[in-house]
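# Observations on chain architecture
One-letter residues, chain by chain:
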Amino acid sequence: MLLLEQAHEALARLAAELAERGESRLPTERALAQRLETSRTTVRKALDRLEDDQVIRRVRGRAGGAYLIGVASQAAVDDAAPLCHGHGILRSLNTVKGIPEILHEQGFRDGTTVISAEVTPASTRVANALGLGDGATVVALQRLRHADGETLSLERMYLRPELADILATEMKSVYRTLRAQFGVQICVADESIEIATLSSSEGELLDQPSGTPVLKLERTGYDQLGRAVEYYVDLFRADRTRLHVRSQSPVTPRRM
């Protein structure tokens with residue numbers, strides 16, 4: 001029942017995204033099952049619920065499929081069309097949180113694929129970010145993040161060498177592991193954000209064409225003692241990610 005509920009919620013979000021884009025047809029049951037990493041039977045039952053809720057209608061035959069009810073394509077004349085629609089992942093820059101925690105809070109099923117994990121010599125850039133000397137080594141992790149079975153981001157993370165024991169853990173949620181097993185909490189982060197394009201190898205991992213625009217986040221995280229503990233570069237799919245930041249003037253507001 002839990003798998004069915006998760007599939008139903010994921011398909012409801014997908015339906016809302018497609019409706020905002022003016023698209024009326026859902027992917028095939030096979031494609032949805034692969035995307036959600038579940039069985040076609042579970043997908044079919046979740047689609048049954050959407051049909052009962054009058055969100056979709058089924059069409060039989062060779063040209064059949066699942067179609068959204070009442071969706072009409074709309075053209076906006078004064079707004080640029082966003083790559084990421086209303087039900088993408090909201091990445092807040094106001095808090096310091098790991099990706100699994102962010103996804104859970106927003107109702108997405110998270111997933112992590114560890115591509116590589118090793119101790120390696122630190123490049124000059126990484127050593128400077130972590131305040132390490134010449135010839136230092138670092139823990140280097142490369143991971144692929146998923147949300148509801150679809151790729152979200154490609155991350156390259158570097159940690160201080162004294163945290164090498166983290167390689168013996170599952171490395172799904174590094175922040176949670178750092179807190180629970182090492183007594184280290186990332187409290188402050190400096191981040192820079194820019195638009196970048198995917199190389200062919202990065203695009204292959206993210207299931208996106210080479211040259212696709214992405215949000216490139218470069219970050220240095222500091223622990224409760226003020227030490228630079230982590231440095232990472234994260235490539236977020238621009239069609240799945242929205243950024244949020246709250247700014248405040250240093251001047252105390254006064255009554256006009």
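Just so it is clear, the model here is predicted, and its values are computed rather than measured.

The rules behind each value
- Residues numbered from 1 in each chain as written.
- Predicted model: local features only at pLDDT ≥ 70, side-chain atom pairs only at ≥ 80, totals over all residues.
- Heavy atoms only, no water.
- Helix = DSSP H or I, 4+ residues; strand = E, 2+ residues; numbered from the N terminus.
- Buried < 20%, exposed > 50% of the residue type's maximum accessible area, 1.4 Å probe, protein only.
- Axes fitted to C-alpha atoms, helices over the stretch in contact; angles between N-to-C directions.
- Parallel < 35°, antiparallel > 145°, perpendicular 65-115°, else oblique.
- Left-handed = near helix turned anticlockwise from the far one by under 90°.
- Contact = heavy atoms within 4.5 Å.
- Nonpolar A, V, L, I, M, F, W, Y, C, P; charged D, E, K, R; others polar.
- Salt bridge = Lys/Arg side-chain N within 4 Å of Asp/Glu carboxyl O.

### What to know about unusual backbone geometry
Of note, the phi angle at Gln 54 is positive, near 60°, even though the residue is not glycine. Looking at the element boundaries, Gln 54 is found in the loop between helix H3 (40-52) and strand E1 (56-59). Assessed through its relative accessible area of 64%, Gln 54 is described here as exposed.

### Side note on the packing of helix H1 (residues 2-21) against helix H2 (residues 29-36)
In contact at an axis separation of 11 Å, H1 and H2 are set at 115° when each is read in the N-to-C sense. When the axes of H1 and H2 are compared, the pair comes out roughly perpendicular. The chirality of how H1 crosses H2 is right-handed. Across the interface between the two elements, Ala 7, Ala 10, Leu 11 and Leu 14 from H1 touch Leu 32, Arg 35 and Leu 36 from H2. Its residues placed into classes, the contact of H1 with H2 shows six nonpolar, no polar and one charged.

### Focus: the pattern of salt bridges
Close approach of charged atoms allows side chains of opposite charge to pair. Counted according to the given criterion, the structure contains 19 salt bridges. Among the salt bridges present, the one from Glu 150 reaches Arg 35, with a minimum N-O distance of 2.8 Å. Pair noted here: Glu 150 is in strand E6 (residues 150-159) and Arg 35 is in helix H2, with a separation of 115 residues, a long-range link. The shortest N-O distance in the salt bridge between Arg 143 and Glu 155 comes to 2.5 Å. Taken together, the residues span a long stretch of sequence, with Arg 143 in strand E5 (residues 137-147) and Glu 155 in strand E6 at a distance of twelve residues. Salt bridges sharing common partners tie together Arg 35, Glu 150, Arg 237, Asp 239 and Arg 240.

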